[in-house]
Amino acid sequence: MKKSIYDKLEHLAERLAELDGLLGTEGATQDMESYRRLSREHAEITPVVELFHAWRSASADFSAAQELLADPEMKELAQAEQAAATMQMAHLEDALQKALLPRDPNDDKNLFLEIRAGTGGDESALFAGDLFRMYARYAERQHWRVEIVSKSESDLGGFREIIARIEGQGAYSQLKFESGGHRVQRVPATETQGRIHTSACTVAVMPEADALAEVAINPADLRIDTFRASGAGGQHINKTDSAVRITHLPTGIVVECQDDRSQHRNRAQAMAVLAARIAAAQEREQQQKIASTRKSLIGSGDRSERIRTYNFPQGRVTDHRINLTLYKIDAIMGGELDELVAALTAERQAELLAELAG
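The notes below deal with the structure included here. (Residues numbered from 1 in each chain as written. Predicted model: local features only at pLDDT ≥ 70, side-chain atom pairs only at ≥ 80, totals over all residues. Heavy atoms only, no water.)

### A closer look at helix H4 (residues 121-141)
Rules: A run of H or I in DSSP counts as a helix once it spans at least four residues, and a run of E counts as a strand once it spans at least two, with each numbered from the N terminus. Each residue after the first adds 1.5 Å to the expected span of a helix.
With 21 residues, H4 extends 31 Å between its outermost C-alpha atoms, agreeing within 8% with the 30 Å of an ideal straight helix rising 1.5 Å per residue. Histidine 143 sits one or two residues past H4 and shows a positive phi near 65°.

### Some thoughts on the nonpolar core
The condition is simple: To qualify as a nonpolar core, a set must consist of buried Ala, Val, Leu, Ile, Met, Phe, Trp, Tyr and Cys residues joined through side-chain atoms within 4.5 Å. Relative accessible area decides the class of each residue, using a 1.4 Å probe on protein chains only: under 20% of the type maximum gives buried, over 50% gives exposed, and in between gives partly exposed. Whether two residues touch is decided by their heavy atoms; if any such pair falls within 4.5 Å, the residues are in contact.
Membership of the largest hydrophobic core comes to 36 residues, with the highest contact counts inside it found for Leu113, Ile115, Leu131, Tyr135 and Tyr310. Sort the elements by how many residues they give to this core and H4 lands first, with eight residues. The contacts of isoleucine 115, once residues within four sequence positions are left out, are Ala128, Leu131, Phe132, Tyr135, Arg160, Glu161, Ile162, Thr202 and Val203.

### Side note on the sheet that holds strand S1 (residues 111-117)
Note the cut-off: Whether two strands pair depends on DSSP finding at least two bridges between them. Only the contacting stretch of a helix is used when fitting its axis, a line to C-alpha atoms as for every element, and angles between N-to-C directions run 0 to 180 degrees.
With mixed pairing, the eight strands of this open sheet are ordered in space as S2-S3-S1-S5-S4-S9-S10-S11. Since the sheet does not close on itself, it has two edges, and those belong to strand S2 (145-153) and strand S11 (324-326), each with one partner. This sheet shows a mean twist of 15° between the axes of neighbouring strands, independent of strand direction. In this structure, strand S4 (residues 180-186) lies alongside strand S9 (residues 306-311), joined through five bridges in parallel fashion. By the bridge assignment, arginine 183 is partnered in S9 with threonine 309. Docked against the sheet, H4 engages S1, S2, strand S3 (159-167), S4, strand S5 (197-207) and S9, running at close to 110° with respect to S4.

### Examining the environment of leucine 274
Relative to the helices and strands, leucine 274 is located in helix H7 (residues 263-290). A residue is classified by how much of its surface remains accessible, and leucine 274, at 0% relative accessible area, is buried. Sequence separation of leucine 274 and isoleucine 253 is 21 residues, and the distance between their C-alpha atoms is 7.5 Å. Excluding residues that lie within four positions of it along the chain, leucine 274 makes contacts with Ile217, Leu222, Ile246, His248, Ile253 and Val255.

### Let's talk about unusual backbone geometry
Despite not being glycine, histidine 143 has its phi angle at roughly 65°, a positive value. Note on histidine 143: relative accessible area 72%, which makes it exposed.

### Observations regarding the packing of aromatic side chains
Definition in use: Only rings of Phe, Tyr and Trp enter the pairing, Trp through its six-membered ring, and a pair is recorded when the two centres are within 6.5 Å. The plane angle decides the type: under 30 degrees is stacked, over 60 is edge-to-face, the rest tilted.
Applying the stated criterion to the full structure yields five aromatic pairs. Each ring, one from tyrosine 6 and one from tryptophan 55, has its centre 6.0 Å from the other, and the planes form 65°; the classification is edge-to-face. Placement of the pair is tyrosine 6 in helix H1 (residues 3-23) and tryptophan 55 in helix H2 (residues 32-68), with a sequence separation of 49 residues. Centre to centre, the rings of phenylalanine 127 and tyrosine 310 are 5.4 Å apart; their planes meet at 65°, and the pair counts as edge-to-face. Here the residue phenylalanine 127 occupies a position in helix H4, and tyrosine 310 occupies one in strand S9, the gap between them amounting to 183 residues.

### Here's the deal with the side chain of threonine 309
Where we set the bar: Within 3.5 Å is the distance limit for a polar contact, defined as a pair of N or O atoms, with the added protein rule that one can donate a hydrogen and the other accept it, and that residues adjacent in sequence qualify only through two side-chain atoms.
Summarising the element assignment, threonine 309 is placed in strand S9. There is a polar contact of 3.1 Å between the side chain of threonine 309 and the side chain of arginine 183. Within polar-contact distance, the side chain of threonine 309 engages the side chain of histidine 320 at 2.7 Å. Setting aside anything within four residues of it in sequence, one finds threonine 309 in contact with Arg183, Gln185, Arg316, Val317, Thr318 and His320.

By themselves, these observations are geometric and do not establish any function.
Structure (structure tokens):
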């Protein structure tokens, strides 16, 4: 085990002993906020320290067997014990490295999914619709709930823009690497000469803020407009100003919501999307400062970055960030994203492990 990792583990073991003492004092529960914070830290550290104790035990077994190697009668037994201890130590070291990886605090959150048509006109809007159905089917496989917040349909049935809220355990952790530019290569239904066209969409995946209080939004910085919703909706939707448009003046972020007949619910949804967008912008700014000297293996998630190509004539999907090509485009468009999600997650873990070892 590398000394840098061993030192971190020793520090955690010392901290756990300190927490045991703090939580065991008579007045530990007098300050409940402090007690909850210390209890959470104790719960997070305990499994890591238990793995470390097991590794040290296996290391001690290896050392004890080493002393028996000089005895001819015990040599074979000692070699077998050392081999078993070596395997156990390797297994535990791998588990410890993964346990030490920094955890994304947003992983368990719900998310807002935004898909926008880019270059390619009507074909791009149709592709935006295909992408939304792909994510919706994946969400259905995960038993997540999908709620459309806002949509702008194109004339041919796609979406110029669609925003959806996806609610479910670990939703953000599974889809957080989907932000970026998605490119499609295929023969459009409107193409009469069979030529392959290239179109693009942008996808943004943003964790839902736990509460609006997490994001500082000054009411004075908002311009809120109401208007009549467009599209099919019956007489009621055409006669009342139920649609809401909120503009955040300092950042220029604009959110519209008109899918609900209630102006109150549309406004609440729009505020939730606005909070998520502001939080995402703040996080991107922070990440750019931290990672100014290097680029993540997974990619920055910038919306202008081309992350994936869907080539229908060749039946392939290529993720350019990890050089992965899968010849199963129909399955992927049908929501079978597990292989892509697992590969992107593994690549991110490999990067974090390299940073940890360094």
